[in-house]
Amino acid sequence: MEAGTVKDDPQIKGATTTGIGIRTVARAKAINQTMQSKPVLILVVSLVLTLVGCGEVFFQESQPIPNKIWEQGSNISFEVSVTDTMTGYDFYIDLRNEASYPFANVYMFVTTTFPSGKNARDTVECFLADKTGRWLGKGLGDVLDNHILFKENVRFPSTGTYQFEFEQGMRKEALPSILDLGISLEKHKRR
C-alpha cells in the first residue's frame, strides 16, 4: 500500500501520517461516537422495557406514615372513583420501608367499603424479606419499595366510589421504619 498524507484526505486536515493512520483515526472517531451514544441507547432501552412491563395504571396513590412509625389505630384510607365495571384490574399494595424494619413481613387488615355502603374485610400478609432475610423490595440505600400483588383481575361490581382502609395487624402496636403505604390499580395483564 502506498503511503499518503492526511492532507490528501478532505475530511481530516492539519496532520500528516500514512494512509493506514487515516483509517485508524477515522475508525477511532467512529468508535468514540458509538461509545458516546451507548449510555443514551441503554437509557432508552431500559425505559422502554420498564414501560412495556407495567400495566396501564388506573389509580395510584400513597400516603406517608407520620414519623415513620405505623401505629395501630392509625388507619390509612384511599377513595377510588369507578366508572368501568367490565375491565379487570390487578390490585397492588405499595409499601416503602427502611432496611432497619425489624420483621420479614407485615400483616394488614384491609376493609373495602362499596358504593352501596356494604363492607368486606381481608387479612393480608405482605412478605418483605425471604427466608434468608434478604429484602424482596427494590431500591437504593436503605429505602425499599415493595409492589405486592393483593388481588388479581378484580372487576368492580358497580360504579361509584370505593374506599380501601388499611390497618396494621401486627402484634406490636407501633411498627418502626415504615415510610409510606399506597395502592395501585393497573389494568390486568395476562401472565
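Residues numbered from 1 in each chain as written. Predicted model: local features only at pLDDT ≥ 70, side-chain atom pairs only at ≥ 80, totals over all residues. Heavy atoms only, no water.

Let's talk about the overall build of the protein chain
Note the cut-off: The secondary structure listing takes helices from DSSP runs of H or I that are at least 4 residues long and strands from runs of E that are at least 2 residues long, numbered from the N terminus. Buried residues are those whose accessible area, probed at 1.4 Å on protein chains only, stays under 20% of the maximum for their type, while exposed residues exceed 50% and partly exposed ones sit between those limits. In this description, contact between two residues means that some pair of their heavy atoms is separated by no more than 4.5 Å.
Along the protein chain, the regular secondary structure elements total one helix and 10 strands. Listed N to C, the secondary structure of the protein chain is α-β-β-β-β-β-β-β-β-β-β in terms of helices and strands. Buried residues in the protein chain amount to 30% of all 191 residues. Taking all contacts inside the protein chain whose residues are at least 6 apart in sequence as the whole, residues at least 24 apart take part in 73%.

A closer look at the nonpolar core
To be explicit about the condition: Only buried residues count toward a nonpolar core, which is a set of Ala, Val, Leu, Ile, Met, Phe, Trp, Tyr and Cys residues joined through side-chain atoms within 4.5 Å.
Residues Trp70, Val106, Met108, Phe166 and Leu181 are the most contacted members of the largest nonpolar core, which totals 30 residues. Those elements that place two or more of their residues in this core are β3 (76-82), β4 (89-98), β5 (105-113), β6 (119-127), β7 (143-154), β8 (160-168) and β10 (178-187). Those residues in contact with leucine 181, other than ones at most four positions away along the chain, are Ser62, Gln63, Ile65, Trp70, Ile76, Phe78, Ile93, Asp94, Leu95, Met108 and Phe166.

Some thoughts on the confidence of the model for the protein chain
The predicted coordinates ought not to be read in detail in places where the model reports low pLDDT. The condition that has to hold: Along the chain, pLDDT gives the predictor's confidence residue by residue, from 0 to 100.
Averaged over every residue, the pLDDT of the protein chain is 81; residues scoring 70 or more account for 71%. pLDDT under 50 marks residues 37-53. Its contacts with residues more than four places away, or in other chains, come to one contact.

Comments concerning the sheet that holds β4
So the rule is basically this: Whether two strands pair comes down to DSSP finding at least two bridges between them. Working convention: axes come from line fits to C-alpha atoms, limited for helices to the stretch in contact. Angles between N-to-C directions cover 0 to 180 degrees.
The strand order across the open sheet formed by four strands is β1-β10-β4-β7, and the pairing between neighbours is antiparallel. Whereas interior strands pair on both sides, the edge strands pair on one side only; in this sheet they are β1 (57-64) and β7. Averaged over all pairs of adjacent strands, the angle between strand axes in this sheet comes to 15°, irrespective of strand direction. Bridge count between β4 and β7: nine bridges; the pairing is antiparallel. Pairing of tyrosine 92 across the sheet is with leucine 149, part of β7.

Here we look at the side chain of threonine 87
Stated formally: Side-chain atoms alone can form a polar contact between residues adjacent in sequence; in general such a contact is a pair of N or O atoms within 3.5 Å, and within protein one must be able to donate a hydrogen while the other accepts it.
Here threonine 87 is to be found in the loop between β3 and β4. Within the local environment of threonine 87, its side chain forms a polar contact with the side chain of aspartate 84, the two groups lying 2.4 Å apart. Excluding anything up to four places from it in sequence, threonine 87 contacts Val154, Arg155 and Lys187.

Quick look at the sheet that holds β8
Here four strands make up an open sheet; going across it, the order is β3-β8-β5-β6 and the pairing antiparallel. The open sheet has two edge strands, β3 and β6, and neither has a second partner. Here the strands of the sheet are splayed against their neighbours by 25° on average, with no regard to which way each runs. Relative to β8, β5 runs antiparallel, the two sharing six bridges. Bridging across to β8, methionine 108 finds its partner in glutamine 168.

Quick notes on the packing of aromatic side chains
How we decide: Classification of ring pairs rests on two measures: the distance between centres of Phe, Tyr or Trp rings, Trp counted by its six-membered ring, which must be within 6.5 Å, and the angle between planes, read as stacked under 30 degrees, edge-to-face over 60 and tilted in between.
For the structure shown, the criterion picks out eight aromatic pairs. Judged by centre distance (5.6 Å) and plane angle (70°), the rings of tyrosine 101 and phenylalanine 103 are edge-to-face. Owing to a relative accessible area of 3%, tyrosine 101 belongs among the buried residues under this scheme. Residue phenylalanine 103 is classed as partly exposed on the basis of its relative accessible area of 28%. Ring geometry for phenylalanine 114 against tyrosine 162: centres 5.7 Å apart, planes inclined by 70°, an arrangement best described as edge-to-face. Placement of the pair is phenylalanine 114 in the loop between β5 and β6 and tyrosine 162 in strand β8, with a sequence separation of 48 residues. When its relative accessible area of 24% is taken as the criterion, phenylalanine 114 is described as partly exposed.

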